[in-house]
Amino acid sequence: RLACALWLLGEGAAAKAHCQSALTMLQKQGNVHPYGRALVIGTAALFYQLTGDVTAVQELAQAAVALAEQHGFLNFLGMFRQLLGWAWVMQGQGELGYTALQQGLASLRTSGAQALLPYFATLHATAAAHTGRLADGLAALEQGLTVVNQSGEWWMAPTLHRLKGDILLAQD
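Read on for an overview of the structure.

What counts as what
- Residues numbered from 1 in each chain as written.
- Predicted model: local features only at pLDDT ≥ 70, side-chain atom pairs only at ≥ 80, totals over all residues.
- Heavy atoms only, no water.
- Core = buried A, V, L, I, M, F, W, Y, C linked by side-chain atoms within 4.5 Å.
- Buried < 20%, exposed > 50% of the residue type's maximum accessible area, 1.4 Å probe, protein only.
- Helix = DSSP H or I, 4+ residues; strand = E, 2+ residues; numbered from the N terminus.
- Contact = heavy atoms within 4.5 Å.
- Axes fitted to C-alpha atoms, helices over the stretch in contact; angles between N-to-C directions.
- Parallel < 35°, antiparallel > 145°, perpendicular 65-115°, else oblique.
- Left-handed = near helix turned anticlockwise from the far one by under 90°.
- 1 Å grid on protein atoms, 1.4 Å probe; cavity = no way out; pocket = protein on both sides within 12 Å on 5 of 7 lines; lining within 4 Å.
- Points joined across faces, edges and corners; volume = space filled by probe spheres on them.
- Nonpolar A, V, L, I, M, F, W, Y, C, P; charged D, E, K, R; others polar.
- Expected span 1.5 Å × (residues − 1).

Moving on: the nonpolar core. In this structure, Y48, F80, L83 and Y119 are the most contacted members of the largest nonpolar core, which totals 59 residues. Of the residues forming this core, the biggest block, 10 residues, is contributed by helix α5 (residues 74-90). If we skip the residues at most four places from it in the chain, Y48 touches K16, C19, Q20, L23, D53, A56, V57 and L60.

Rendered as structure tokens:
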């Protein structure tokens, strides 16, 4: 999580080094509980999504999804499927990716998790716009903004507004 915070603070090199360090430590530690392993790998996938490294997101999200499925971590499963879906959309596998995003969101809602919903709204909007579903993208952004206003999870508000502007411009 520190890597994500550092990235958002503009400390790109330190953020990447911290993320790599966490992944390296995970590889060296053979006895990490599956929940901790899933958390580290999934958070690294989120970090690389913030940086735009689609290949890293796909690789890490696939590993995280496998762990979450194997151990029944429903809250993680929803999050990691969305990251994987975003990566697939960005790699040109629009339908597969969009379906994974939808399944991930449904799984997240089933688990009752509310954290990061504005962030995941940005993934949905980006994927929707990338696949020509502009109305779906706007709907995702409106849902994200509603959660921001209700929860106070403001860190994604600027991105939600920027994406909304991008999609509105694309409609014209």
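Relative placement of two packed helices is described by the angle separating their axes and the distance separating the axes. For the pair helix α8 (residues 134-151) and helix α9 (residues 157-171), the least separation of the axes is 10 Å and the interaxial angle reads 155 degrees. With respect to each other, α8 and α9 are oriented roughly antiparallel. The way α8 lies across α9 gives a crossing that is left-handed. Between α8 and α9, the residues in contact are L134, G137, L138, L141, E142, G144, L145 and V148 and A157, L160, H161, L163, K164, I167, L168, A170 and Q171, respectively.

Turning to the layout of surface pockets, a few remarks are in order. If you roll a probe as big as a water molecule over the atoms, it shows you where there is empty space left. Looking at the largest pocket, its volume works out to about 370 Å³. Along its surface, the largest pocket is lined by 18 residues, and R1, T43, L46, M79 and L116 are the ones closest to its centre. Going through the elements one at a time, α1 (2-8), α3 (34-51) and α5 are the ones with two or more residues in the lining of the largest pocket. Among the residues forming the lining of the largest pocket, the class breakdown is 13 nonpolar, 3 polar and 2 charged. In this structure, the second largest pocket encloses a volume near 260 Å³. Every residue lining the second largest pocket is counted, 14 residues in all, and those nearest its centre are L105, R109, H124, A140 and Q143. Elements with a contribution of two residues or more to the lining of the second largest pocket: α6 (94-111), α7 (117-130) and α8. Per-class residue counts for the lining of the second largest pocket are 8 nonpolar, 4 polar and 2 charged.

We now examine α7. With 14 residues, α7 should cover 20 Å at 1.5 Å per step; its first-to-last C-alpha distance of 20 Å lies within 8% of that length. Counted residue by residue, α7 has 11 buried out of 14 residues, so it is predominantly covered. Those residues of α7 that fall on the buried side of the exposure criterion are L117, P118, Y119, F120, A121, T122, L123, H124, A125, A127 and A128. Packing partners of the buried residues in α7 comprise α3, α5, α6, α8 and α9.

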